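Coordinate analysis (summary)
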Amino acid sequence: MSTFNGNGQSIPKIGFYICHCGHNIASMVDVDKVQKYTASLPGVTVSRDYKYMCSDPGQELIQKDIKEFGLNRIVVASCSPLLHEHTFRVATEKAGLNPYFFHMVNIRENVSWVTGDKEAATDKAIDLVRAAIQRVFFHKPLVKKEVPINPDVLILGGGIAGIHAALTIANAGKKVYLVEREPTIGGHMAMFDKTFPTLDCAACILTPKMSAVKNHPNITLWSYSEVEKIEGFVGNYRATIKRKPRYVIEELCVGCMDCIDACIYKEAKYPDEFNLGMSKRKPIYIPFPQATPQVVLFDPDTCIDFKSHRCKKTCIEACDRDAIDLKQTAKYEEINIGSVILATGFKTYDAKFAPQYGYGRFPNVFTSLELERMVNASGPTSGEVLTKEGKKPKSVGIVHCVGSRDEKSNKWCSKVCCMYSLKLAHLIKEHTGAEVYNFYIDMRTPGKGYEEFYDKLMNEGVHFIRGRVAEVTDWALAAEEENKLTIRVEDTLVGVVRRIPVDMVVLSVGLEPREDASDVRRMFNISCSNEGFFLERHPKLAPVSTFTDGIFIAGACQGPKDIPDSVAQAGAAAAEVLSLICAGTIELEPNTASITEEFCSGCKSCIPLCPYSAISFKEDTKKAYINEALCKGCGTCVAACPSGSIIQNLFEDEQIFGEIEGLLRFAGIDLAGSETKGKELEHA
Amino acid sequence: MPEKPKIAFYWCASCGGCEESVVDLAEDILMVADAVDIVFWPVAMDFKKTDVETMEDGSILATMLNGAIRTSEQEEMARLIRRKSKILIAYGSCAHMGGIPALANEFERSEILKYAYEDAPSVINSQHTYPEAVYQDKSRKITLPVFRNIVRTLDQVVDVDYYLPGCPPTPKLLKQAVLTLLSGKLPPKGTVLAPDSALCEECPRKESKPADLSFEHFTRPHMILSDPEKCLLAQGLICMGPATRAGCEALCINGNMPCSGCFGPTSRVKDQGAKILSSICSNIEAKTEIAIDRVLDEIPDPVGTFYRYGLAASMLRKKIAEEV
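Residues numbered from 1 in each chain as written. Chains lettered and ligands numbered in written order. Predicted model: local features only at pLDDT ≥ 70, side-chain atom pairs only at ≥ 80, totals over all residues.

Turning our eyes to something else, we now look at the overall build of chain A. When you go through chain A residue by residue, the secondary structure sums to 17 helices and 34 strands. When the backbone C-alpha atoms are referred to their principal axes, chain A occupies close to 90 × 70 × 55 Å. Looking at chain A as a whole, 45% of its 684 residues qualify as buried. Considering only residue pairs separated by 6 or more positions, chain A has 71% of its internal contacts joining residues 24 or more positions apart. (Helix = DSSP H or I, 4+ residues; strand = E, 2+ residues; numbered from the N terminus. Buried ≥ 20, exposed ≤ 12 C-beta atoms within 10 Å, placed from the backbone. Contact = placed C-beta atoms within 7 Å.)

Another aspect to go through is the overall build of chain B. Helices and strands together make up the secondary structure of chain B, namely 11 helices and 9 strands. Relative to the 2.2 N^0.38 estimate, which gives 20 Å for 324 residues, the radius of gyration of chain B is 22 Å and therefore close to what a compact globule would have. On the principal axes, the C-alpha backbone points of chain B span a range of 65 × 60 × 30 Å. Looking at chain B residue by residue over its 324 residues, the buried ones come to 39%. Look at the contacts in chain B between residues 6 or more apart in sequence, and 75% of them connect residues 24 or more apart. (Rg over C-alpha atoms; globule rule 2.2 N^0.38 Å.)

It is worth spelling out the nonpolar core at this point. By size, the foremost hydrophobic cluster in this structure holds 128 residues, and its most contacted members are Ile-155, Ala-165, Ala-166, Ile-341 and Leu-342 of chain A. Here this core takes 9 residues from helix H11 (residues 417-432) of chain A, the largest share from any one element. Setting aside residues up to four positions removed in sequence, Ile-341 of chain A forms contacts with Val-153, Ile-155, Ala-165, Phe-552, Ala-554, Ala-573 and Val-577 of chain A. Among the nonpolar cores identified, the runner-up in size contains 76 residues, and Tyr-91, Cys-203, Ala-246 and Leu-277 of chain B belong to it. (Core = buried A, V, L, I, M, F, W, Y, C linked by C-beta atoms within 7 Å.)

For the rest of this paragraph, the subject is the confidence of the model for chain B. Per-residue pLDDT for chain B averages 93, and the proportion of residues at 70 or more is 98%. Across the predicted assembly, pTM comes out at 0.71 and ipTM at 0.89. (pLDDT = per-residue confidence, 0-100.)

What follows covers the sheet that holds strand S2 (residues 37-40) of chain B. Two orientations exist for strands paired in a sheet by backbone hydrogen bonds: parallel and antiparallel. All names here are of chain B. Overall, parallel pairing links the 5 strands, which are arranged S2-S1-S3-S5-S9 in an open sheet. Looking at which strands have only one partner, the edges of the open sheet turn out to be S2 and strand S9 (162-164). Strand-to-strand twist of the sheet, defined as the mean angle between neighbouring strand axes without regard to direction, takes the value 30°. Bridging between strand S1 (residues 6-11) and S2 involves 3 bridges; their strand directions are parallel. Bridge pairing links Lys-6 to Asp-37 in S2. Taken strand by strand, helix H4 (residues 72-84) contacts S1, strand S3 (60-66) and strand S5 (85-91), and its axis lies near 135° from that of S5. Relative to S9, helix H7 (residues 171-183) is tilted by about 155°, and along the sheet it contacts S3, S5 and S9. (Pairing = 2+ DSSP bridges. Axes fitted to C-alpha atoms, helices over the stretch in contact; angles between N-to-C directions.)

For the rest of this paragraph, the subject is the domain arrangement of chain B. Often, the extent of an interface is quoted as the loss of accessible area upon association of its parts. Residues and elements named next belong to chain B. According to the domain assignment, chain B consists of domain 1 (6-100 + 149-183), domain 2 (107-148) and domain 3 (199-306). Between the C-alpha centres of domain 1 and domain 3 there is a distance of 31 Å. Contacts between the two partners involve 8 residues from domain 1, matched on the other side by 6 residues from domain 3. It is helix H5 (residues 92-97) that provides the largest number of residues to the side of domain 1 that touches domain 3, a total of 3 residues. (Domains from an automatic or database assignment.)

The next point concerns the packing of helix H5 (residues 160-171) of chain A against helix H6 (residues 202-215) of chain A. All names here are of chain A. Contact geometry of H5 with H6 gives a least axis separation of 10 Å together with a crossing angle of 50°. In terms of axis orientation, H5 runs oblique to H6. Where H5 crosses over H6, the handedness of that crossing is left-handed. Seen from H5, the contacting residues are Ile-160, Ile-163, Ala-166 and Leu-167; seen from H6, they are Leu-206, Lys-209, Met-210, Ala-212 and Val-213. (Parallel < 35°, antiparallel > 145°, perpendicular 65-115°, else oblique. Left-handed = near helix turned anticlockwise from the far one by under 90°.)

This part takes up the pairing of strand S11 (residues 225-233) of chain A. All names here are of chain A. When S11 meets strand S12 (residues 236-243), the two strands line up antiparallel, connected through 8 bridges. Bridged to Val-227 within S12 is Ile-241. As consecutive antiparallel partners, S11 and S12 are separated by 2 residues, and within that stretch Gly-235 has a phi angle of approximately 85°, a positive value.

For the rest of this paragraph, the subject is the packing of helix H10 (residues 368-375) of chain A against H11 of chain A. Residue and element names in this part refer to chain A. It is at 11 Å that the axes of H10 and H11 come closest, and there the two elements cross at 40°. Classed by the angle they form, the pair H10 and H11 counts as oblique. Viewed along their axes, H10 and H11 form a crossing whose handedness is left-handed. Across from Ser-368, Leu-371 and Val-375 in H10, the residues of H11 making contact are Tyr-420, Ser-421, Leu-424, Leu-427 and His-431. Considered class by class, the residues forming the contact of H10 with H11 number 5 nonpolar, 3 polar and no charged. (Nonpolar A, V, L, I, M, F, W, Y, C, P; charged D, E, K, R; others polar.)

On to the sheet that holds strand S22 (residues 435-440) of chain A, then. All names here are of chain A. If you walk across this open sheet you meet the 5 strands as S20-S27-S21-S22-S23, and the pairing is parallel. Since the sheet does not close on itself, it has two edges, and those belong to strand S20 (365-367) and strand S23 (463-466), each with one partner. Looking at each pair of strands side by side, their axes are set apart by 25° on average, direction ignored. Of the strand pairs in this sheet, S20 and strand S27 (residues 504-509) are connected by 3 bridges, and their pairing is parallel. The residue bridging Thr-367 from the neighbouring strand is Leu-507, located in S27. Against the sheet, H11 contacts strand S21 (395-402), S22 and S27, and its axis sits at roughly 170° relative to S21.

Quick look at the structure:
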């Protein structure tokens, strides 16, 4: 039987330090008791407590002791390894000791912050420390490896965040692949008319950036494309991009749209996705006039030739550049990149899930996004705000928080709705002169110039009624409600239930994660928060990083965000990427797994398990092999190797068993002494 | 003429198959008989316990002891033999890891006795007579060995020098072991006298195992007509090969039966059953809890499947009744 407790191992010289972390730890854990207890453990040469171990004097304490007492193992009980493991490893290394002889015990997040019981906290801290002390007996020196960073970047999503990040990185001279799922970049911003609070024309500020992307020598724009597969690790990812067929050769098409005119459908017949179905398009179309790239595409579901092969193909005749290729199939591009920015954006709440507001039942209930299109000069009504009957509304009600701040749908505040509702109120009033009512729970207008915009609206004579709308109904109870939609709401400032008849209702729908966000999350091996938005590495200090190195997030895919915030995040993500690229190389943590070839039986159990595709089967030796550069040290294969032939640095069996034994001592369980236990059983 | 080295064989809780395997040496047994004196082998020759007691301590070069330890008599014999032998070899799966008898560790002693003396279909015991360690019949005192609460491996009772794995060990391994002993070039104490990689290494079907195997279903040998060329795991049969020490030259697989794990784990693994579970479960195709349960239900006796020979030596060791 193997030894758990360091038999046959020379006793190391361990230095132990417990951190008060100000009051964070010391107020709950009796640090003096832990320190004194630890001093009595075998192998412990020095045991100290100190106010802030992470401070310079704290680190110098360790270094001084290493030199003075010849310490060869360091254990620090303090905060989380995520925060300061690196700090202490560096300190250890500076004193000439291999940094992997250092081990950290988290007695803050795992102990003092999660209990109010001082005695229990101290006991637990002692157990965790004892586990660490028994573990470090078995530590070995390890060496970090360096790998180069591929300077090319993949950006997923061509909304304003993706566009801004792409331009920032490309302007720095680095190559960017911008992959957009839709036929054009621009995202939601391209659908807006004006932007709050300055009322800039969205197209006027966005389209120059879209063209800049298209024309930038460092940007490869792949619209109508999706990432099929990604593998590798920070600095060295390999992605497969599927370029869906447009049935038009992108390089040849100049966007003259002669083919659209020539289509045998003289009239547009099919709902236009860009205008949310409020206008029609032909089977061959371009999403909107400033679409980038300016390339038409076919919709095979509606094109006659795809359905019956019996079209006259007047479109092909009309194209003098022979750009149309109805036999086109999906193309797959393989690229090597070093880092990825996910800027996949959001979707709006589906108002049908709030049936009390009548969306889909009453023709004059619109979503805010539909209104955005309606007020846009290039929209379905050329900028006129019209009811379904084609009349200018005399009164319009804007219902805030549809799919936001609601236990029944989404609990979160979508952050942008108050402001865009104010903007729409302004634009509706401007376009129609109608009476506009805003029904809000709370007005949330933090932001530069936002509160001023709210003030301005109040002076414009827009009505504000505080209360969550109960329902929108066409059941008239009074003469003035005939042929109108009546909004029933409790006006919480007046304290009465009101009925307000209007010609048109606008639902300010909230922002949600995209429906396939969890697929993207899985593909890129990152996390999502509860609501389904991509999870940042730290909510305050690493807002655009993820837990997977080299994968960054920007824009509303991380949470509801307005344009300036999305652009700021995109810039931050670009800076993170550039900082990686400029560093040139990255150090790989040495906690990798390796196969002892002599012992491997070639059973292949480990091969399908590796999430990083780091394991391959060598046909010449008939054994498995781990590519150390690809290994992230997750340990899956180590646990699964049925013959115990895979070893992971820093997580060797004896280290883990040492730790477990130290931990279990609190219950009087002694693994090494299990023979005694057997004797008890025998005579039971 | 110098005295020949002395060898002994003994059995405890075992089926006799290990003894059989010694005879399976066939003509090689003559070579063994030539090279050594067999001083104690109750199953084959007439020796008494007192013969052993009168031997000098350490006078036997090596004893191959098979069988697990369940009774006080077995303990006593194991201790006696240990004292008399320079080298003690745990011979076969039962001495090595508890073997089939150790599956009884799934039950309380009282449950076992009740079944054997009352509930078994072939038993009529209207007076509820149970064996007792000491029975006083007037002036006569009769004793029986004590039936212990658990089955133990040999090394859980006495110090063991080497292990010869298998149910039973193959003649080839036995012959190698004897030659090693006679050569005097002894491996480090505690060595299992067989190769230290898993059985897949020497499996004739190794090539046919796919690199992306994932389990949709499990089946058992009597439920399918298995392909005699293809990896048994790939056919949904639980083959312990990946978690079992090599050395048998894939005897069972050559008989178109999956490995049941009798050689135990490699030296690097503490718990054979846990290891194969960890490996197999990692590769189950189903991803939802219900679907996973459905697949796992196709393994009707997990302990008997994954710990068939190793329960006593495993971390599970014994089911402990709640009131204990």
